[in-house]
Amino acid sequence: MAALVAESLQHNSPDWQLKHACPACTYELEDEEELTFRLLYAMDSNDLLKRVLQRSLDHADNSLAPSSEVPTCQQFTSDHYLPHAFVDQYSRDSAPTTSEADKEDAAAENSCAGRWKNMDDAKTKKAWGIYDKTGIFMAVCHHGFSLLVADMVQSGELAKYPLAIVLKLLEVYGKQLGGGCDIGCQFKTTLDNSSLGPLTHSLQHTCLVGTFHGHAHRHLCQLFSLTTYIKGLGLENLITCERVFSKSNSLASALWYASVFHWQQAIDSYFEHNDDFEVYAHLSNFLYGNYKQALDILNNGDATLPRLMQDLGLTDESIFDRWLEEEKVYLQGLTQEPKHKTLQMQYWQKLVNLTASEEALKAAMAAFQVYSQQEDVLYDLQLWNTHKAKTAQQHAIEDQERNLRLVQVLKCKLKITMWWTPTDADWQRVGRLIAHRKYQRALDRLEGLIVTCIFELMKMNQAGTGYKLHKHIAKALQTCSLTIRTALSTYNTIAEAMHPPHQTLKWKEVIKYVFLADFDLPHDTRADVSQWPWSSAAACGVMHLYFKMCQAQEEIQCLNVEVWCLVTYIQDEDKYLWMCENQLMATSPTLAHQIAIHQNAQGQFNARHLKQLHEILKLPGFSGTIVPGVPLQLLAERIPFNRPSTVDPDTPADLDDEEQVEEVEEEALRSLQDILHVADDFSQLDLHDHEADEE
């Protein structure tokens, strides 16, 4: 019956459910303001929804017993479920980086490369013998509506699952999508290096990191990927999957021993029910809460930000964007040495290698002359010695020529006219620089870790940090502390070996650093972080407030569009279902009755939504509208006129049984129409009053 209703409503086209998953995200209107992101979604894995693979009990070997499950021909299909074949086509793209050169390139591009282990399949291989399905990988929109689900088949969180989801979303929604992932920085590198890389760049897909897990990333990674600093994202934190999974985990115990068909069916039915009766029911509350939160942030910020800027002697808000860029440049400088100095040190080292190879060549040529002129030895021995000396001479020539080419290349890059000699000032300066190199590297690493730790402590102590996020940051700081201990030990060893010995640090001193003003060690680094204006605790607090206000302004811009789309969707969908029901009433009353039931289930929350939308309208500072707009697909284009029915005509007895139910449903429909008309009248009245006040 559900299939017949979908066919009658023209809801059975490919990917129809995915294209119309969320009224606020996917319902498009004419003259709609273009946002930075057309769709924001989050994706993550849930390894609690497993399925046990039943095996034979009479297997004598120590190896895994064969499966005892009865084969079935049942195949579950849904717009939300990705087929295994579609997912497996990206198995090759999920292969890990193995070569050292590739690892160095990935590390240079992504400061968190190699840091995350949840994409390491080796940790879950032991479970393959027990579970047929090790969980699901899912994508949801930022309002909570389910988009796509993929089964994790005898594997961990491989890259092929998010790759397949990204491709499907790009095929359906097109460009300007933003996807949040716990390890969005690592996945961005994987996505760029995969076969989808050119497509994602052309369609402007953005990989993001959710706020909750973002504080476990390196501070430099947070500046590039964390939702706080992404323009156009608003106040969205992209931790929607965690909220969805907290409810779906109750399914786990009922699914472990289900068949594959019923396992997938139960998961799909749950998320369909959750979308219709949980997420949609609270959609207007979600919009109202976010709008009120954004307005509160702006009101408080307008009263606080000017005073804080005055205390710091600031007059232009654009300085905060410059500070953010300076912080990025500073932290990037700690990940690698300055390029010009690196080239100079390479040139110095290649000159040393060239000199050594020339000396080795002279020695090899002299040895060849000695062995070739020997007369008082056996011929075979002389021949063997001569051949050995000739081979050594040839190798020395090749080494000398290779080092000469490298020196010439570096000389051109540095634009040096005359070769350096040991008596030159540049030779001696770079020689001292190389001797200082190990110390500088150890110092830069220690400084970067301590500065990151101090910044995280500032975030943990900021007002508005929730308890769970507070504990999450604290746990990340514990891991960072272990890394600091190792870096501190390395630094002290190298500092003591310097001539003269440099300053050393003790762990008790390091753990007392709470503000950068307490940290004296950076004065000895390449760039003194304490001299940057953004490094103080007060400046960090003002920057955080400024970017939070920017997010609030972007959130209001997004919510104005989403509120407009929702109120238009409520009106259009109700009219569409009512017209389809009337059209089928004469030819197929049973099917018309089923459409009426679908309409009641679909519209039972509309009165609540309209009431909440009027509450949004009353908010001081509301800048949008709740007057329904014009959808891109007009209502007349959707009505299936003269569509033949595939259902047998009803008998008079069937019509008599349904008459009483229909009367109740029609009364509910008329009430809903009255609410919609009242909403339109109030909106027009408010609009006219606003125009009269302006005049």
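Counting starts from 1 at the beginning of each chain's written sequence and moves along it residue by residue. At least 70 in pLDDT is required for a residue's local features to be given in this predicted model, at least 80 for side-chain atom pairs to be given and counted, and no such filter applies to totals for whole chains, interfaces and linings, which use all residues. The side-chain quantities take in all heavy atoms of the structure and omit both hydrogens and water.

A run of DSSP states H or I qualifies as a helix once it reaches four residues; a run of E qualifies as a strand once it reaches two. Both are numbered from the N-terminal end. Secondary structure summary: the protein contains 26 helices and six strands in total. For every residue, the accessible area (1.4 Å probe, protein chains only) is compared with the maximum for its type, and the residue is labelled buried under 20%, exposed over 50%, or partly exposed between those bounds. The buried share of the protein, taken over its 695 residues, is 46%. Residues are treated as being in contact if the distance between any of their heavy atoms lies within 4.5 Å. In the protein, the proportion of contacts linking residues at least 24 apart, taken out of those at least 6 apart, comes to 79%. Reported accessibility uses the Shrake-Rupley method at a 1.4 Å probe radius. Residues are deemed covered only where the shown protein chains occlude them. Surface accessibility of the protein: about 36,600 Å² in total, with carbon and sulfur atoms responsible for 55%.

Moving on, we come to helix α11 (residues 240-248). Burial in α11 covers these residues: Thr240, Cys241, Val244, Phe245 and Ser248. For α11, the buried positions fall inside an angular range of 120° around the axis, keeping them on one side. Directions are taken from the helix axis to each C-beta atom, and the arc is the one they span.

Our next topic: the packing of aromatic side chains. Two rings from Phe, Tyr or Trp (for Trp, the six-membered ring) form a pair when their centres sit within 6.5 Å of each other. Planes less than 30 degrees apart are called stacked, planes more than 60 degrees apart edge-to-face, and all others tilted. Per the stated rule, a full pass over the model turns up 14 aromatic pairs. Taking the centre distance of 6.4 Å and the plane angle of 75° together, the rings of Phe277 and Phe605 count as edge-to-face. Note that Phe277 is positioned in helix α13 (residues 260-279) and Phe605 in the loop between α23 (589-603) and α24 (606-618), a separation of 328 residues in sequence. Of the residues examined, Phe277 reaches a relative accessible area of 31% and is grouped as partly exposed. Judged by centre distance (5.3 Å) and plane angle (50°), the ring pair of Tyr291 and Phe622 falls under tilted. Of this pair, Tyr291 sits in helix α14 (residues 283-312) while Phe622 sits in the loop between α24 and α25 (635-638), and the two are 331 residues apart along the sequence. Residue class for Tyr291 comes out buried when judged on its relative accessible area of 0%. Given the relative accessible area of 15%, Phe622 is considered buried. Taken together through their ring pairs, the aromatic side chains of Tyr27, Phe277, Tyr280, Tyr569 and Phe605 make up a single cluster.

With that settled, the discussion passes to the environment of Met1. In this fold, Met1 is placed in the segment before α1 (2-8). Not counting residues up to four positions away in its chain, the partners in contact with Met1 are Leu591 and Gln594.

What follows is about the nonpolar core. The term nonpolar core refers to a set of buried residues drawn from Ala, Val, Leu, Ile, Met, Phe, Trp, Tyr and Cys, joined through side-chain atoms within 4.5 Å. One finds Leu147, Tyr173, Phe320 and Leu613 to be the most contacted residues of the largest nonpolar core, which totals 87 residues. Discounting chain neighbours no more than four positions away, the residues touching Leu613 are Val563, Leu566, Val567, Ile570 and Ile626. Listed in part, the 20 residues of the second largest apolar core include Ile136, Phe245, Trp263 and Ile267.

What follows covers the pattern of salt bridges. Salt bridge criterion: a side-chain nitrogen from Lys or Arg within 4 Å of a carboxyl oxygen from Asp or Glu. For the coordinates displayed, the defined rule picks out eight salt bridges. In this structure, Lys168 engages Asp15 in a salt bridge whose closest nitrogen and oxygen atoms are separated by 3.3 Å. Of this pair, Lys168 sits in helix α6 (residues 160-173) while Asp15 sits in the loop between α1 and α2 (16-19), and the two are 153 residues apart along the sequence. Of the residues examined, Lys168 reaches a relative accessible area of 15% and is grouped as buried. Residue Asp399 is joined to Arg402 by a salt bridge in which the shortest nitrogen-to-oxygen separation is 3.0 Å. Here Asp399 pairs with Arg402, and both are found in helix α17 (residues 379-414), just three residues apart, close to one helical turn.

Moving on, we get to the pairing of strand β1 (residues 39-46). When you tally the buried positions in β1, you get eight out of eight residues, the bulk of the element. Burial along β1 is two-sided: the face carrying Leu39, Tyr41, Met43 and Ser45 and the face carrying Leu40, Ala42, Asp44 and Asn46 are both buried.

Examined against the element boundaries, Gln204 turns out to sit in the loop between α8 (197-202) and β6 (206-208). Accessibility expressed as a relative area gives 43% for Gln204, which makes it partly exposed. Along the primary structure Gln204 and Lys175 are separated by 29 residues, whereas in three dimensions their C-alpha atoms are 5.8 Å apart.

A word on the packing of α14 against α24. When two helices pack together, their arrangement is given by the angle between the helix axes and the distance between those axes. Between N-to-C directions, angles cover 0 to 180 degrees, with each direction set by a line fitted to C-alpha atoms, over the stretch in contact for helices. For the pair α14 and α24, the least separation of the axes is 9 Å and the interaxial angle reads 10°. By the angle class used here, α14 and α24 are roughly parallel. Residue-level contacts link Leu283, Ser284, Asn285, Leu287, Tyr288 and Tyr291 of α14 to Arg608, His609, Gln612, Glu615 and Ile616 of α24. If an angle is under 35 degrees, it is roughly parallel; if it is over 145, roughly antiparallel; if it lies from 65 to 115, roughly perpendicular; otherwise it is oblique.

Now for the packing of α11 against α13. Where α11 contacts α13, the two axes come as close as 12 Å, and the packing angle between them is 110°. Relative to α13, the element α11 is oriented roughly perpendicular. When the axes of α11 and α13 are compared, the crossing they make is right-handed. Together, Val244, Lys247 and Ser248 of α11 and Tyr270, Phe271, Asn274 and Glu278 of α13 make up the contact between the two elements. Looking at the contact of α11 with α13, its residues break down into three nonpolar, two polar and two charged. Handedness of each helix crossing follows the sense of rotation of the near helix against the far helix: counterclockwise by less than a right angle gives left-handed, clockwise gives right-handed. Under the scheme applied here, ten amino acids are nonpolar (Ala, Val, Leu, Ile, Met, Phe, Trp, Tyr, Cys and Pro), four are charged (Asp, Glu, Lys and Arg), and all others, including Gly, are polar.

Located in the positive-phi region is Asp31, a residue other than glycine, with phi close to 60°. Here Asp31 shows up in the loop between α3 (23-26) and β1. In the Ramachandran plot, Leu238 falls in the positive-phi region, its phi being about 60° despite a non-glycine side chain. By the element assignment, Leu238 lies in the loop between α10 (219-225) and α11.

A few words now on the environment of Asp47. In this structure, Asp47 sits in the loop between β1 and β2 (51-52). Since its relative accessible area comes to 45%, Asp47 is described here as partly exposed. Taking the C-alpha atoms as reference points, Asp47 and Gly135, 88 residues apart in sequence, are found 4.2 Å from one another. Discounting residues that sit within four places of it in the chain, Asp47 has contacts with Thr134 and Gly135.

Attention shifts here to the confidence of the model for the protein. One number per residue, pLDDT, summarises how confident the predictor is, and it ranges from 0 to 100. When pLDDT is averaged along the protein, the result is 76, and 69% of the positions lie at 70 or above. Throughout residues 514-525 the model reports pLDDT below 50, and contacts reaching past four residues in sequence, or to other chains, amount to 35 contacts.

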